[in-house]
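The lines below spell out each chain.
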Amino acid sequence: MKVRKHLSADGLFKMVRNGFKQVNDHRPTNIEIPLADALMSGFALFSLKDPSLLAFDKRRQTPENLKQVYGINRIPSDTQMRTILDDVNPEGIRPLFKRVLQQLQRGKELEKMRYMGRYYLLSLDGTGYFKSEKVHCDNCLEKYYKRSGKTIYTHQMLGGAIVHPERREVIPLAPEAIIKQDGTKKNDCERNAGKRFLEKLRQDHPRLPFIVIEDALSANAPHIRELKRHNLRFILGVKPGDHTYLFDHISQADKAGQSRHFEIEKDGVRHRFHFMNNVPLNESNADVRVNFLEYWEIKSGKTQHFSWVTDFTITCKNAFTLMRGGRARWKIENETFNTLKNQGYHFEHNFGHGEQHLSVVFASLMMLAFAVDQAQQLACRLFQAAWAKVGSKRSLWEKLRAIFNELPMDSMTMIWRAIAFGFHVERVIIHDTS
Ligand SMILES: [Zn+2]
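Owing to the predicted nature of the structure, the values given are computational and were not obtained by experimental measurement. (Residues numbered from 1 in each chain as written. Predicted model: local features only at pLDDT ≥ 70, side-chain atom pairs only at ≥ 80, totals over all residues. Heavy atoms only, no water.)

### Quick notes on the packing of aromatic side chains
Then comes step 1: One pass over the structure, following the stated rule, counts 20 aromatic pairs.
Then comes step 2: On the numbers, 6.4 Å between centres and 45 degrees between planes, the contact of Phe383 with Trp397 is tilted. Of this pair, Phe383 sits in helix α13 (residues 381-390) while Trp397 sits in helix α14 (residues 393-406); the two residues are 14 residues apart in sequence, bridging distant segments of the chain.
Then comes step 3: For Phe383, a relative accessible area of 0% gives the class buried.
Then comes step 4: On the basis of relative accessibility, which here comes to 2%, the residue Trp397 falls in the buried class.
Then comes step 5: Between the aromatic rings of Phe383 and Trp416, the centroid separation amounts to 5.2 Å while the plane-to-plane angle is 85 degrees, which identifies the pairing as edge-to-face. (Phe/Tyr/Trp six-rings, centres within 6.5 Å; stacked < 30°, edge-to-face > 60°. Helix = DSSP H or I, 4+ residues; strand = E, 2+ residues; numbered from the N terminus. Buried < 20%, exposed > 50% of the residue type's maximum accessible area, 1.4 Å probe, protein only.)

Below you can see the structure in the form of structure tokens.
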């Protein structure tokens, strides 16, 4: 089996380690633990899917594999890791996400994710991962509940991932924290985080052709103007309840015979479409014109209904493709956030909150570890073979930890190879010398 080095776990780990060496360290020079080692330890914690920082701390008793596999020379204690990472500006981790994407581009692997020709579907959504009445930091969002007299502190993030309707892999981009912004007392919101996300997206990837897919909250005129300003195409959900003007407009046009209907049948599923191009999104922003697509999936007597607006001109020829693109939006929830929460990554576990950045740094490192895993899943045949051998991700992570904990290993390649093809066990011959 041939494995391309830059797309193997070891190649990706090396790239991450080198990236961490570039992150600014504001500490004085006489430091015990280099910043790159502290960041790499955080990365290894999520790469190994340890359930807690304490579990990772125990690894200091047998540091050989952390050194061999992850290249960590000085392993911080749990307290040291929290203290060091609390001071790190999470923006320092952002370039690493770009490098993962570049490794995939270099290996022509990102092309597997292309949709509608040269485009990539970029699904965006917000999610919460921390909530507490007691624990909080300078960046927490706070909400005061009058009735109970309690303040609830939370952290949320806006995540973005390249998705494809026919692929299980998702390629996450750098998340944008929804937190209190520096120097303000006001809570942040998903809409502002969205603006920052798009701004930084275009700084990181000025020319990548994206189709942004989002839910109905984002189908508003200011956001569509932002998308256009950044040269981003879009397929955004709309709802009759939230977009009354649009749906009334369509309904009248339909009665006047100005919209199009058609239906196709594929593998026992009826796909019914209704569309109209060049319609106003709402009354107060008549300049924002969109194309409207409505869709019903009728399968074994059950009907599901969806509707979107897009800047692609809709035809009977592309309606099906646009529909599948719009529906791939759920992959940011299901294949990304839910995987992080329920498939071994412990997204909602509080690994340590800190006073400044720790909570966001941990969330970013977890997303980065997930990106590296997904890149391997997309592009590394050895990882695919190991996964296929054990059958599930849960078993794969368990097996990884079991080997990592027990046996001296040179590299992650050696671990995946052992899982996929078994160990070569030396035969021991016992002589009877009596
Ligand atoms: Zn906080």
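Still to come is the rest of the account.
### Thoughts on the side chain of Ser411
Then comes step 1: Considering the arrangement of structural elements, one finds Ser411 in the loop between α14 and α15 (412-421).
Then comes step 2: Separated by 3.1 Å, the side chain of Ser411 and the backbone nitrogen of Met414 make a polar contact.
Then comes step 3: Ignoring sequence-local partners within four residues, the contact set of Ser411 consists of Asp10 and Val69. (Polar contact = N/O pair within 3.5 Å; in protein donor to acceptor, adjacent residues only side chain to side chain. Contact = heavy atoms within 4.5 Å.)

### Here we look at the environment of Gln304
Then comes step 1: Structurally, Gln304 can be placed in strand β12 (residues 302-310).
Then comes step 2: When the C-alpha positions of Gln304 and Gly107 are compared, they lie 39 Å apart, and in sequence the two are 197 residues distant.
Then comes step 3: Once residues lying within four places of it in the same chain are set aside, the contact partners of Gln304 are Tyr295, Trp296, Glu297 and Arg327.

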